Amino acid sequence: MSEERQQQLQELIEFLRSIQKPNKPIEQIGADENLVTSGLIDSLALVEIVVYLENTYGIDFSTHGFEPERLSSMTSILDFIEQART
Amino acid sequence: MLLDLKVGNLTEPVSGRSWDGPEIHRQVARRIARFKRHQLAAGDRVFLPFGNRLEFFVELLAIWRLGACAVPIDARLTPFEIDTLVKAALPRLAVVDDATDAAVLEALGAAGVGVIDTVDTGDEEALAGRSRLDDDALILFTSGSTGAPKGVVHTHRSLRARWVSLREQLGVTAFERTLCLLPTHFGHGLICNCLFPWLSGQHLFITPPFKPEIIMRLGALLDEHRISFMSSVPSIWRLALKLARPPSAGTLQRVHCGSAPLSAHVWDEIRRWTGTRQVCNAYGITETGSWVAGLSDADCTAEDGLVGEGWGAVVKVLRAADTSAPLDADSECQAGEQGFVWLNTPALMKGYFQRDDLTESAVIDGWFLTGDIGFMDAQGRLVLRGRERDEINKGGMKIYPADIDAVVERFAHAADVCTFAIDDAIYGQTVGIAIVLNQRDDETVRALHKWMTVHLAEHKLPSRWWIVDEIPRTSRGKINRDAVNAACIGLPSLELPKILAGGEKA
């Protein structure tokens, strides 16, 4: 994993900590695991992830559209950031 | 008397299932026969801890045709909460579906309630028409699921008064193809979004409630089913405006938004997204059969908090803030003067179930004290400015702080507690809690969290906790929840995930 991607992952984990349900430690969630079905976040919290990506990376969802599966896991979110910025 | 309600078609857009009039009548007749086999009698109560599917609506009609009373229940309640409601309402039967939690089934069985699966009907059909206008038709529990339940009782007469009023004010044309995304266990979703159009012969499209994946494809859903009307709450629009593509077929004729009044900005955004100017706040309270005021013609300038005129109701803004004395005409506020919103409507509930004390504190001489604050503008339209009701509005679902306080107070190491609303970007409001513990170690916090998950449905669990030395009180010893919020919100809240994770490692 590149240094930049590692940094993005750490920042993402910190952000997810701020919106997660209290009874599911993020350390127990694998990078490829579904954030909603694992019980880490409520599906409504996907909107908060969208706002985080807009504010942090300047991603415009009106251009990229919104597909929930592209934000389903930490890995897919990092992939999405990479694709959106290229 | 026979209920002469003219039903429309029913469709589940997500599953693709659909029932027309003859099928609906067949399904109702099978359930009447089944209820008769279970000796359901006039005056009995039936719990419905499921909803938002075709079977829910035919169960409702079958219950009514036998003169019994339906009690729709939030499927997310814990067995403890269900048990509390069972002890209060003493239902003869509960109808469940395949999604009903096994622990809830166990709780119902242990309480001696007969449990029936909604799809278990048999082929026998029967007719019945035992309902009378003043029979209890619906009980909707709005709070007290952890202690002393507060159930709104509507008779067939009060429900009919609501639907007739809406038909007179709004007609039915715009409701020809109505979409409901809201839960069927509370007034807005059930009485007005679903039953008003459906029992006026219009086609009802029902989805599972508050599903983000459905809201994210709302535009496509509206186009695909040529939806002409939908109701909503602000949290639906927080998602849809951001993430869903707008409809393109131009079928929407009217959109309501309830639960909390729209700001002018969001109102205009919804108009742009939906493609219709007929978007308005539908002011509704379960006690008045939900939608009780709004804009019959909504093609006007959007204004913060603007509701409109009464729909089958007289709306007054008075200086009087309680029901301790008869209302006085002199207490009516002038146009533009802020006061307390009172309603007089033939759709008013019969009262709170077995709680005359609560009914007397809310109703006097047929006038209902809403707990909302507002004013009448120069055109005689109601404008809302706030509320004094003790509730948290989480995405349109009302959560009562007292219910959560009542659970925490029973925890062995809790010395004092105050639950309050916190502003939230997605839900509008969410739940915060300040607690005084006589043991402040992590193990006690974990035990309290466990205690709360057993007694409270997940959506009621506080998202932020503050462990404090004391709960500030007024000079009269009362808790001011806003003041507790103000005292806590700038302070770091408990790192609950870390504390709970610590327990799992141990």
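Residues numbered from 1 in each chain as written. Chains lettered and ligands numbered in written order. Predicted model: local features only at pLDDT ≥ 70, side-chain atom pairs only at ≥ 80, totals over all residues. Heavy atoms only, no water.

- As annotated in an unreviewed UniProt entry, chain B carries the name Long-chain fatty acid--CoA ligase and comes from Candidatus Accumulibacter meliphilus.

## Digging into the overall build of chain A
Item 1. Secondary structure summary: chain A contains four helices and zero strands in total.
Item 2. Along the chain direction, N to C, the helices and strands of chain A fall in the order α-α-α-α.
Item 3. At 12 Å, chain A has a C-alpha radius of gyration in line with the 12 Å of a compact globule built from 86 residues.
Item 4. Over its C-alpha atoms, taken along the principal directions, chain A stretches across nearly 35 × 30 × 20 Å.
Item 5. Counting only residues that meet the buried cut, chain A has 47% of its 86 residues in that class.
Item 6. Across chain A, the fraction of contacts at a sequence separation of at least 24, relative to all contacts at a separation of at least 6, is 50%. (Helix = DSSP H or I, 4+ residues; strand = E, 2+ residues; numbered from the N terminus. Rg over C-alpha atoms; globule rule 2.2 N^0.38 Å. Buried < 20%, exposed > 50% of the residue type's maximum accessible area, 1.4 Å probe, protein only. Contact = heavy atoms within 4.5 Å.)

## Concerning the overall build of chain B
Item 1. A count of helices and strands for chain B gives 15 helices and 27 strands.
Item 2. Scaling as 2.2 N^0.38, a compact globule of 506 residues should have a C-alpha radius of gyration of about 23 Å, and chain B matches this with 23 Å.
Item 3. Principal-axis analysis of the C-alpha atoms gives chain B an extent of 65 × 60 × 50 Å.
Item 4. Counting the 506 residues in chain B, one finds 60% classified as buried.
Item 5. Within chain B, residue pairs in contact and separated by at least 24 positions form 70% of the contacts whose partners lie at least 6 positions apart.
Item 6. Just so you have it, chain B exposes about 19800 Å², and 49% of that area is on carbon and sulfur atoms. (Areas by Shrake-Rupley, 256 points an atom, 1.4 Å probe, with all protein chains shown as cover.)

## What to know about the side chain of E55(B)
All names here are of chain B.
Item 1. Structurally, the position occupied by E55 is in helix α2 (residues 54–65).
Item 2. Residue E55 is classed as buried on the basis of its relative accessible area of 4%.
Item 3. Polar side-chain contacts of E55 include one of 2.9 Å to the side chain of R53.
Item 4. Among all residues touching E55, those that are not within four sequence positions of it are E12, R17, W19, R31, F50, T118 and V119. (Polar contact = N/O pair within 3.5 Å; in protein donor to acceptor, adjacent residues only side chain to side chain.)

## Considerations on the interface of chain B and chain A
Often, the extent of an interface is quoted as the loss of accessible area on bringing the components together.
Item 1. Counting residues at the interface gives 14 residues for chain B, matched by 17 residues for chain A.
Item 2. Note on chain B versus chain A: buried area summed over both sides is about 1500 Å², and carbon and sulfur give 71% of it.
Item 3. Interface area lost by chain B to chain A is led by K242(B), L243(B) and I426(B), which between them contribute 31%.
Item 4. Taken together, the links from chain B to chain A amount to two salt bridges.
Item 5. For K21(A), the salt bridge is made with E458(B), and the minimal N-O distance between the two is 2.9 Å. (Buried area = accessible area lost by both parts, 1.4 Å probe. Salt bridge = Lys/Arg side-chain N within 4 Å of Asp/Glu carboxyl O.)

## Re the sheet that holds strand β12 (residues 254–257) of chain B
Residue and element names in this part refer to chain B.
Item 1. Taken in spatial order, the seven strands make up an open sheet running β2-β1-β10-β9-β11-β12-β13, and their pairing is mixed. Of all strands in the sheet, those with a lone pairing partner are β2 (18–19) and β13 (279–281), marking the two edges.
Item 2. Judged from the two bridges that link them, strand β1 (residues 10–11) and strand β10 (residues 203–206) form a sheet pairing that is parallel. Bridge pairing in β10 places L10 opposite L204.
Item 3. Strands β12 and β13 of the sheet are contacted by helix α10 (residues 264–274), whose axis makes an angle of about 145° with β13. (Pairing = 2+ DSSP bridges. Axes fitted to C-alpha atoms, helices over the stretch in contact; angles between N-to-C directions.)

## Describing the packing of helix α9 (residues 234–243) of chain B against α10(B)
Each pair of packed helices can be summarised by the angle the axes make with each other and by the distance between the axes.
Residues and elements named next belong to chain B.
Item 1. Relative to each other, α9 and α10 sit at 55°, their axes nearing to 11 Å. Relative to α10, the element α9 is oriented oblique. When you trace α9 past α10, the crossing you get is left-handed. For the pair formed by α9 and α10, the contact residues are W237, A240 and L241 on the first element and V266, E269, I270, W273 and T274 on the second.
Item 2. Looking at side-chain class alone, the contact of α9 with α10 contains six nonpolar, one polar and one charged residues. (Parallel < 35°, antiparallel > 145°, perpendicular 65-115°, else oblique. Left-handed = near helix turned anticlockwise from the far one by under 90°. Nonpolar A, V, L, I, M, F, W, Y, C, P; charged D, E, K, R; others polar.)

## Examining the domain arrangement of chain B
Residue and element names in this part refer to chain B.
Item 1. For chain B, the domain assignment lists domain 1 (16–132) and domain 2 (393–505).
Item 2. Spacing between the C-alpha centres of domain 1 and domain 2 amounts to 35 Å.
Item 3. On the side of domain 2, nine residues touch domain 1, which itself brings six residues to the contact.
Item 4. Together, the buried faces of domain 1 and domain 2 total about 590 Å²; carbon and sulfur atoms form 53% of this surface.
Item 5. Of all residues in domain 1, R76, F80 and E81 bury the most surface against domain 2, accounting for 73% of the area lost on that side.
Item 6. Taken together, domain 1 and domain 2 are joined by one salt bridge.
Item 7. When the shortest N-O distance is used, the salt bridge between K460 and E81 registers 2.5 Å.
Item 8. Scanning the region where domain 1 abuts domain 2 turns up four residue pairs in polar contact (both at pLDDT 80 or more).
Item 9. Across the side of domain 1 that touches domain 2, the residue classes tally to two nonpolar, one polar and three charged. (Domains from an automatic or database assignment.)

## Looking at the pairing of strand β27 (residues 464–467) of chain B
All names here are of chain B.
Item 1. When strand β26 (residues 428–437) meets β27, the two strands line up parallel, connected through four bridges. Following the sheet pairing, A434 is matched in β27 by W466.
Item 2. For the crossover from β26 across helix α13 (residues 442–455) to β27, the handedness is right-handed. (Right-handed = clockwise from strand over helix to strand, strands pointing away.)

## Digging into the packing of aromatic side chains
Item 1. The full count for this structure, using the stated rule, is eleven aromatic pairs over all chains.
Item 2. Ring centres of F15(A) and Y52(A) lie 4.2 Å apart, and the angle between their planes is 15°; on these two criteria the pair is classed as stacked. Remark: Y52(A) occurs in helix α2 (residues 46–57) and F15(A) occurs in helix α1 (residues 3–19); sequence separation between them is 37 residues.
Item 3. Measuring from centroid to centroid gives 5.8 Å for F229(B) and W291(B), while their planes differ by 70°, and the two rings are edge-to-face. Within this pair, whereas F229(B) is found in strand β11 (residues 229–232), its partner W291(B) is found in strand β15 (residues 290–294), the two being separated by 62 residues in sequence.
Item 4. On the basis of relative accessible area, F229(B) is assigned to the buried category, the value being 0%.
Item 5. Under the relative-accessibility criterion, W291(B) is labelled buried at 0%.
Item 6. One aromatic cluster in this structure is built from F50(B), F56(B), F57(B) and W198(B). (Phe/Tyr/Trp six-rings, centres within 6.5 Å; stacked < 30°, edge-to-face > 60°.)

## Details of the UniProt feature "domain: AMP-dependent synthetase/ligase" (unreviewed entry) in chain B
Item 1. Sequence positions flagged by UniProt for "domain: AMP-dependent synthetase/ligase" (unreviewed entry) are, in local numbering, residues 21–353 of chain B.
Item 2. With 32% helix and 23% strand, residues 21–353 of chain B has end C-alpha atoms that lie 33 Å from one another. (UniProt positions renumbered as here; feature names shortened; annotations may be inferred.)

## Side note on unusual backbone geometry
Residues and elements named next belong to chain B.
Item 1. Its identity is not glycine, yet L90 carries a phi of approximately 50°, on the positive side.
Item 2. If you trace the backbone, L90 turns up in the loop between α3 (79–89) and β5 (93–96).
Item 3. Classification of L90 by relative accessible area gives exposed; the value is 59%.
Item 4. Phi angles above zero are rare outside glycine, and R226 is one such case at about 45°.
Item 5. Its place among the elements puts R226 in the loop between α8 (218–224) and β11.

## Some points on the environment of D424(B)
Residue and element names in this part refer to chain B.
Item 1. Inspection of the secondary structure assignment puts D424 in strand β25 (residues 414–424).
Item 2. The sequence separation of D424 and G395 amounts to 29 residues, and the corresponding C-alpha distance is 9.4 Å.
Item 3. Setting aside its immediate chain neighbours within four residues, D424 contacts Q429 and T430.

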